[in-house]
Amino acid sequence: MAMVEARGLTKRYGDQVVVDDLSFEADAGTVTGFLGPNGAGKTTTLRMLLGLVRPTAGTATIGGARYADLPHPVRQVGAMLEDPGTHPGRTARNHLRAHAVAGGIATARVGHVLEAVGLTDAADRRAATFSLGMRQRLGLATALLGDPGVLVLDEPGNGLDPEGVRWLRRLLRDLAAEGRTVLVSSHALAEMAQTVDRVVILDRGVLVAQAALEELTAGTGTRSVLRTPRADDLVAALKADGADVEPLGGDRLAVSGSTPERIAELAASRAVPIVEHTTSSDGLEDAFLRLTRMAARSGAASPVQEDA
């Protein structure tokens, strides 16, 4: 069921079109990645969805209603934009208490969300002493305060260390598993590939793709990184087989355009030992670059839509 919908959404500032006839949706029980290059119109779209910017045309709704018409918006929608807007002199606990009182939310929720984002031990520290990653966690706690069914998050992973990024991934997946709708904007494509169920891609305010992640990345290959003491011999064999090979220094190679099985077969046929071999999928990054380049060349590409 679609909980977040945009239909014909347009925003102009004078002669500049920032968002152009945009239609997309985000379903309950899913994490939807909202992606695009810098200046694509992502933040403007999210601000229209949250009633912070008035559309020039079209509609943006949550549960079928504009944000301004929701009966209990703080309890229905949790939002986190790039600047959490935390007063530097307030402690994390008092920041959340103030938001709870303003939103008519029981203050008992404060301790729960502090624990959920890993800030219990820092609850009585002033926000001015927080790192960027800690401020991001506090912004997430604020978004979760009303126990909302819809979350709208703009770059929530900014400033998080690798362990924090992994924690955020688990949190978003768990929230979706509870039946919530999670719409998340991010530039971290590799992380999004491990987090989202569906993808909406914008370029210069125009929709260029809306599909399930598996559909969008179908047919993309893997990237292999391997070590071999006979790198030159293997490079020659791989290139002759049509693979792209990038020397990484010493005995390490990065290979795309081939499969791990084919690489192993070529190495074995030439008695080339492989002492280490790891693979990763670049599917979302490849699809993103391909689609945005197509949009740039055509001016306004026809969007890739999910099959009905």
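The structure under discussion appears in the preceding block.
**Quick word on the overall build of the protein chain**
Right, so step 1: Within the protein chain, the secondary structure is distributed over eleven helices and 14 strands.
Right, so step 2: Counting only C-alpha atoms and orienting by the principal axes, one finds that the protein chain spans roughly 70 × 45 × 35 Å.
Right, so step 3: In the protein chain, which comprises 308 residues, the share counted as buried stands at 45%.
Right, so step 4: Taking the intrachain contacts of the protein chain between residues at least 6 apart in sequence as the baseline, contacts between residues at least 24 apart amount to 69%.
Right, so step 5: Counting only carbon and sulfur atoms, one obtains 49% of the accessible surface of the protein chain, whose full area is about 14800 Å².
Right, so step 6: Both charge centroids of the protein chain, one from 33 positive and one from 38 negative side chains, sit 6 Å from each other.

**Details of the sheet that holds strand β2 (residues 16-27)**
What holds strands together in a sheet is hydrogen bonding between their backbones, with the strands either parallel or antiparallel.
Right, so step 1: Taken together, three strands build an open sheet; the order of strands is β2-β1-β4 and the sheet is antiparallel. Each end of this open sheet is capped by a strand with a single partner; those strands are β2 and β4 (57-62). In this sheet, neighbouring strand axes are inclined to one another by 15° on average, regardless of whether the strands run parallel or antiparallel.
Right, so step 2: As paired elements, strand β1 (residues 2-13) and β2 share eight bridges and run antiparallel to each other. Bridge pairing in β2 places Glu5 opposite Glu25.

**Some remarks on the packing of helix α3 (residues 92-102) against helix α4 (residues 108-116)**
Right, so step 1: Their axes nearest at 9 Å, the elements α3 and α4 cross at an angle of 130°. As far as their axial angle goes, α4 and α3 are oblique. Here α3 and α4 pass one another in a crossing that is right-handed. Residue-level contacts link Ala92, Arg93, Leu96, Arg97 and Ala100 of α3 to Val110, Val113 and Leu114 of α4.

**Re the side chain of Thr91**
Right, so step 1: Relative to the elements of secondary structure, Thr91 occurs in the loop between β5 (77-80) and α3.
Right, so step 2: The class for Thr91 is buried, based on a relative accessible area of 14%.
Right, so step 3: Here the side chain of Thr91 touches Asn94 through a polar contact of 3.1 Å, landing on its backbone nitrogen.
Right, so step 4: Contact partners of Thr91, with chain neighbours within four places excluded, come to Ala123, Asp124, Arg125 and Arg126.

**Examining the packing of α3 against helix α5 (residues 132-144)**
Helix packing geometry: the angle between the two helix axes and the distance between the axes.
Right, so step 1: Between α3 and α5, the shortest axis-to-axis distance is 10 Å and the interhelical angle comes to 25°. With respect to each other, α3 and α5 are oriented roughly parallel. Seen along the crossing, α3 lies across α5 with a hand that is right-handed. Between α3, through Ala92, His95, Leu96 and His99, and α5, the contact on the second element is made entirely by Leu138, Ala141 and Thr142.

**Structural notes on unusual backbone geometry**
Negative phi characterises most residues that are not glycine, and trans characterises most peptide bonds.
Right, so step 1: Of note, Asp147 is a non-glycine position whose phi angle comes to about 55°, a positive value.
Right, so step 2: Residue class for Asp147 comes out partly exposed when judged on its relative accessible area of 41%.
Right, so step 3: The backbone phi angle of Arg204 is positive, close to 50°, even though this residue is not glycine.
Right, so step 4: Within the secondary structure, Arg204 sits in the loop between β8 (198-203) and β9 (206-212).

Criteria and cut-off values
Numbering of residues starts from 1 in every chain and runs along the sequence as written. Only residues with pLDDT of at least 70 get local features here, since the model is predicted, and only at 80 or more are side-chain atom pairs given and counted; chain-wide, interface and lining totals rely on the full set of residues. Only hydrogens and water are removed before side-chain values are computed, so all heavy atoms of the structure are retained for them. Only DSSP runs of H or I with at least four residues qualify as helices, and only runs of E with at least two residues qualify as strands; both kinds are numbered from the N terminus onward. Three exposure classes are used, based on accessible area relative to the maximum for each residue type with a 1.4 Å probe and protein chains only: buried under 20%, partly exposed in between, and exposed over 50%. The contact criterion used is simple: two residues touch if any of their non-hydrogen atoms lie within 4.5 Å. Residue exposure ignores everything except the shown protein chains as possible cover, and the areas themselves are Shrake-Rupley values with a 1.4 Å probe. We treat Lys and Arg as the positive residues and Asp and Glu as the negative residues; His and chain ends play no part in the count. A single reference atom marks each charge: NZ on Lys, CZ on Arg, CG on Asp, CD on Glu. DSSP-based pairing: two strands are paired if at least 2 bridges between them are found. Lines fitted to C-alpha atoms define the axes, with helix axes restricted to the stretch in contact, and inter-axis angles between N-to-C directions lie between 0 and 180 degrees. What sets the label is the angle itself: under 35 degrees gives roughly parallel, over 145 gives roughly antiparallel, 65 to 115 gives roughly perpendicular, and the rest give oblique. Crossings are sorted by hand: turned counterclockwise from the far helix by less than a right angle, the near helix makes the crossing left-handed, and turned clockwise it makes it right-handed. In protein, a polar contact means a hydrogen-donor-capable atom and an acceptor-capable atom, both N or O and within 3.5 Å, with residues adjacent in sequence counting only if both atoms are side-chain atoms; elsewhere, any N or O pair within 3.5 Å suffices.

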